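Results of the structural survey
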Amino acid sequence: MTTQGADANLVISPLTAACSACHDAPAAIAHMTANGGQFYVARSIVRAAPPEQCMTYHGPGRVAAIGAVH
């Protein structure tokens, strides 16, 4: 059985968490937050926020596809 984390727990939005594990320069962080990424905000805020827009440019077949560089 799993237990849902408390709404007040601080979290990072999903795609931003994955990318920022390596891409942690200030410019990268600014890029992520400008495109909907959330850093250390309450879980309830991340859940209610519009989705991250990362895959618009970094999705398969896109201009800056993740698979093309990783």
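This section reports on the structure supplied with the text. The residue numbers shown here count from 1 along each chain, following its written sequence. Two thresholds apply to this predicted model, a pLDDT of at least 70 for residue-level local features and 80 or more for giving and counting side-chain atom pairs, whereas whole-chain, interface and lining totals are computed over all residues. As a rule here, side-chain values come from all non-hydrogen atoms in the structure, and water together with hydrogens is ignored.

1. Some words on the overall build of the protein chain
Each helix is a run of H or I in the DSSP string that is no shorter than four residues. Each strand is a run of E no shorter than two, and both are numbered from the N terminus. A count of helical and extended segments in the protein chain gives five helices and two strands. To sort residues, take the accessible area from a 1.4 Å probe on protein chains only and compare it with the maximum for the residue type: under 20% means buried, over 50% means exposed, and anything in between is partly exposed. Here the protein chain holds 70 residues, and 20% of them are scored as buried. In this description, contact between two residues means that some pair of their heavy atoms is separated by no more than 4.5 Å. Of all intrachain contacts in the protein chain linking residues separated by at least 6 positions in sequence, the fraction that spans at least 24 positions is 53%. Surface accessibility follows the Shrake-Rupley procedure with a 1.4 Å probe radius. Residue values consider only the protein chains on display as shielding. For the protein chain, the exposed area adds up to about 5000 Å²; of that, 64% sits on carbon and sulfur atoms.

2. Some thoughts on the layout of surface pockets
Estimates place the volume of the largest pocket at around 350 Å³. Using protein atoms alone on a 1 Å grid, points that fit a 1.4 Å probe yet trap it form a cavity, whereas open point sets bounded by protein on both sides within 12 Å along at least five of seven lines form a pocket; residues with an atom within 4 Å of a point count as lining. Along its surface, the largest pocket is lined by 17 residues, and Cys19, His23, His31, His58 and Ile66 are the ones closest to its centre. Broken down by secondary-structure element, the contributors of at least two residues to the lining of the largest pocket are helix H1 (14-20), helix H2 (26-34), helix H4 (55-58) and helix H5 (66-69). Ten residue types, Ala, Val, Leu, Ile, Met, Phe, Trp, Tyr, Cys and Pro, are classed as nonpolar, four, Asp, Glu, Lys and Arg, as charged, and the remainder, Gly among them, as polar. A class-by-class count of the residues in the lining of the largest pocket yields 11 nonpolar, six polar and no charged. Grid points are joined across faces, edges and corners, and a volume is the space filled by probe spheres set on the points.

3. Notes on a nonpolar patch on the surface
A contiguous nonpolar patch, built from Leu15, Met55 and Ile66 and spanning about 220 Å² of accessible area, is present on the exposed surface. Among the structural elements, Leu15 can be located in helix H1. Residue class for Leu15 comes out partly exposed when judged on its relative accessible area of 32%. Only residues whose relative accessible area exceeds 30% and that form no salt bridge are eligible for patches; like-charged ones are grouped when within 9 Å, while nonpolar side chains (Val, Leu, Ile, Met, Phe, Trp, Tyr) are grouped when within 5 Å. Salt bridges are identified by distance alone: a Lys or Arg side-chain nitrogen within 4 Å of an Asp or Glu carboxyl oxygen.

Honestly, it's all geometry; don't read function into it.
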